[in-house]
Amino acid sequence: MTPDYAKEMRATGLKPNTDELIGMKVQGITPEYVKIDASGGLQDLDCDELIGAKVQGVTPEFIEKARKHGFQNLTLDKLIALKHADIL
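Below: a short report on this structure. The structure displayed is predicted, hence computed values, not measured ones.

### What about the nonpolar core?
Move 1: Grouped together as the largest cluster of nonpolar side chains are 24 residues, with contacts concentrated most on M9, M24, I29, V58 and L79.
Move 2: The residues touching M9, leaving out its near neighbours within four places in the chain, are L14, L21, M24, I29, T30, P31 and V34.

Pasting the structure below:
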């Protein structure tokens, strides 16, 4: 954990506390991941939801794959359910 990491994560618009910063760092969440998820349709996720998405393997590639199979307007919960169903 570095001050630069905290600054970069806050620059994404998130307002993480210390525990959330540590959790995001441990899971490998980068500012790029936050931006890619937002552009992939997962706007307004909080820090805990981002950590959950990363842990569950919800990646920009998975979101795109779901869309190509006709799934639209998916919430994080629906994406996680699709991931668990292993149908894509």
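### Section: helix α6 (residues 76-85)
Move 1: Those residues of α6 not exposed but buried are L76, L79, I80 and L82. An end-on view of α6 places all buried positions within 160° of arc, on one side of the element. In α6, the exposed positions that point more than 90 degrees away from the buried face belong to D77 and H84.
Move 2: Tucked into the core, α6 has its buried residues touching α4 (47-56) and α5 (60-68).
Move 3: One or two positions beyond α6, positive phi appears at D86, with a value near 55°.

### Focus: a nonpolar patch on the surface
Move 1: On the surface, M1, I22 and V26 cluster together into a nonpolar patch covering about 300 Å² of accessible area.
Move 2: Turning to its location among the elements, M1 is positioned in the segment before α1 (3-11).

### Section: the environment of Q56
Move 1: Among the structural elements, Q56 can be located in helix α4.
Move 2: Residue class for Q56 comes out partly exposed when judged on its relative accessible area of 30%.
Move 3: In the structure, Q56 is positioned 23 residues away from L79 in sequence and 9.3 Å away in space, judged by C-alpha atoms.
Move 4: Setting aside residues up to four positions removed in sequence, Q56 forms contacts with I80, K83 and H84.
Move 5: Of note is the side chain of Q56, whose polar atom sits 2.6 Å from the side chain of H84.

Thresholds, definitions, all that
Residues numbered from 1 in each chain as written. Predicted model: local features only at pLDDT ≥ 70, side-chain atom pairs only at ≥ 80, totals over all residues. Heavy atoms only, no water. Core = buried A, V, L, I, M, F, W, Y, C linked by side-chain atoms within 4.5 Å. Buried < 20%, exposed > 50% of the residue type's maximum accessible area, 1.4 Å probe, protein only. Contact = heavy atoms within 4.5 Å. Helix = DSSP H or I, 4+ residues; strand = E, 2+ residues; numbered from the N terminus. Arc of directions from axis to C-beta. Patch = residues over 30% accessible without salt bridge, like charges linked within 9 Å, V, L, I, M, F, W, Y side chains within 5 Å. Areas by Shrake-Rupley, 256 points an atom, 1.4 Å probe, with all protein chains shown as cover. Salt bridge = Lys/Arg side-chain N within 4 Å of Asp/Glu carboxyl O. Polar contact = N/O pair within 3.5 Å; in protein donor to acceptor, adjacent residues only side chain to side chain.

That is the geometry; function is a separate question.
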